[in-house]
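So the chains spell out like this:
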Amino acid sequence: MATAELTGATGKVGAPEFVPRQVLIGFEREATRAQQAAAVASVGGEITRRLPMPGVVLIGLDGSIGVEAAQQKIDGLPGVRYAEPNLIYQLSETTPTDPYYPYLWGLENTGQQILTSGGTPDADIDA
């Protein structure tokens, strides 16, 4: 397992930022197109993208309402499973904590000792 620490765009741990004027909405499986359209229209939004996950859309807001207010307004509507800001995350660390990672020369070969001979640096897949 890798030690991956998610940080916001500001670099502050635990305080992620979000894309302005965008909200992700996850609809219930039973949600009708009318319920979906009503949820989007309730905040003056427009579907900008249907994500590859069933029932999840990204909407753009027209600016008449803020992201947090839109999220709260949409969250309790019929057919809506969740509404959340489009968060921005950046990985700050990707070093695995697996104690056997140094032996996985096919992933990252630094020339480490493999059985009885030395490895060839960078003869790997750079994973």
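Keep in mind that what you see is a predicted model, and the values were worked out from it rather than measured.

A. Spatial organisation of the pairing of strand β3 (residues 45-50). Here β3 runs beside strand β4 (residues 56-61); their pairing, made up of five bridges, is antiparallel. Residue Arg 50 lies in a different strand from β4, and its bridge partner there is Val 57. What sits between β3 and β4 in their antiparallel hairpin is a turn of five residues, with Gly 55 showing a positive phi close to 80°.

B. Structural detail: helix α2 (residues 67-75). Among the residues of α2, those classed as buried are Val 67, Ala 70 and Ile 74. End-on view of α2: buried residues confined to an arc of 60°, all on one side of the axis. Among the structural elements, β2 (17-27), α1 (33-41), β4 and β5 (80-88) are those in contact with the buried residues of α2.

C. Examining the sheet that holds β3 more closely. The strand order across the open sheet formed by four strands is β3-β4-β2-β5, and the pairing between neighbours is antiparallel. Among the strands making up the open sheet, the edge pair consists of β3 and β5. The mean angle between the axes of side-by-side strands here comes to 35°, regardless of whether they run parallel or antiparallel. With seven bridges connecting them, β2 and β5 associate as antiparallel partners. For Gly 26, the partnering residue across the bridge sits in β5 and is Tyr 82.

D. Spatial organisation of α1. Buried residues of α1: Gln 36, Ala 39 and Val 40, and no others. For α1, the buried positions fall inside an angular range of 95° around the axis, keeping them on one side. Turned more than 90 degrees off the buried face of α1, the exposed positions are Ala 34 and Ala 41. Residues of α1 that are buried sit in contact with β2, β3, β4, α2 and β5.

E. Region of the structure containing the confidence of the model for the protein chain. Here the protein chain averages 83 in pLDDT, while 85% of its residues score no lower than 70. Across the protein chain, β4 holds the top mean pLDDT of 97, while strand β1 (residues 6-7) sits lowest at 44. Taken as a whole, residues 1-11 scores under 50 in pLDDT and shows 39 contacts with residues more than four places along the chain or in a different chain.

F. Examining the nonpolar core more closely. Ranked by size, the top nonpolar core spans 15 residues in total, and within it Val 23, Ile 25, Phe 27, Ile 59, Leu 61 and Ile 74 carry the most contacts. Elements with a contribution of two residues or more to this core: β2, α1, β4, α2 and β5.

G. Local environment of the side chain of Asn 86. By the secondary structure assignment, Asn 86 is in strand β5. In terms of polar contacts, Asn 86 uses its side chain to reach the side chain of Gln 22, at 2.6 Å. Among residues more than four places away in sequence, those in contact with Asn 86 are Phe 18, Val 19, Gln 22, Leu 24 and Leu 58.

Conventions adopted
- Residues numbered from 1 in each chain as written.
- Predicted model: local features only at pLDDT ≥ 70, side-chain atom pairs only at ≥ 80, totals over all residues.
- Heavy atoms only, no water.
- Pairing = 2+ DSSP bridges.
- Helix = DSSP H or I, 4+ residues; strand = E, 2+ residues; numbered from the N terminus.
- Buried < 20%, exposed > 50% of the residue type's maximum accessible area, 1.4 Å probe, protein only.
- Arc of directions from axis to C-beta.
- Contact = heavy atoms within 4.5 Å.
- Axes fitted to C-alpha atoms, helices over the stretch in contact; angles between N-to-C directions.
- pLDDT = per-residue confidence, 0-100.
- Core = buried A, V, L, I, M, F, W, Y, C linked by side-chain atoms within 4.5 Å.
- Polar contact = N/O pair within 3.5 Å; in protein donor to acceptor, adjacent residues only side chain to side chain.

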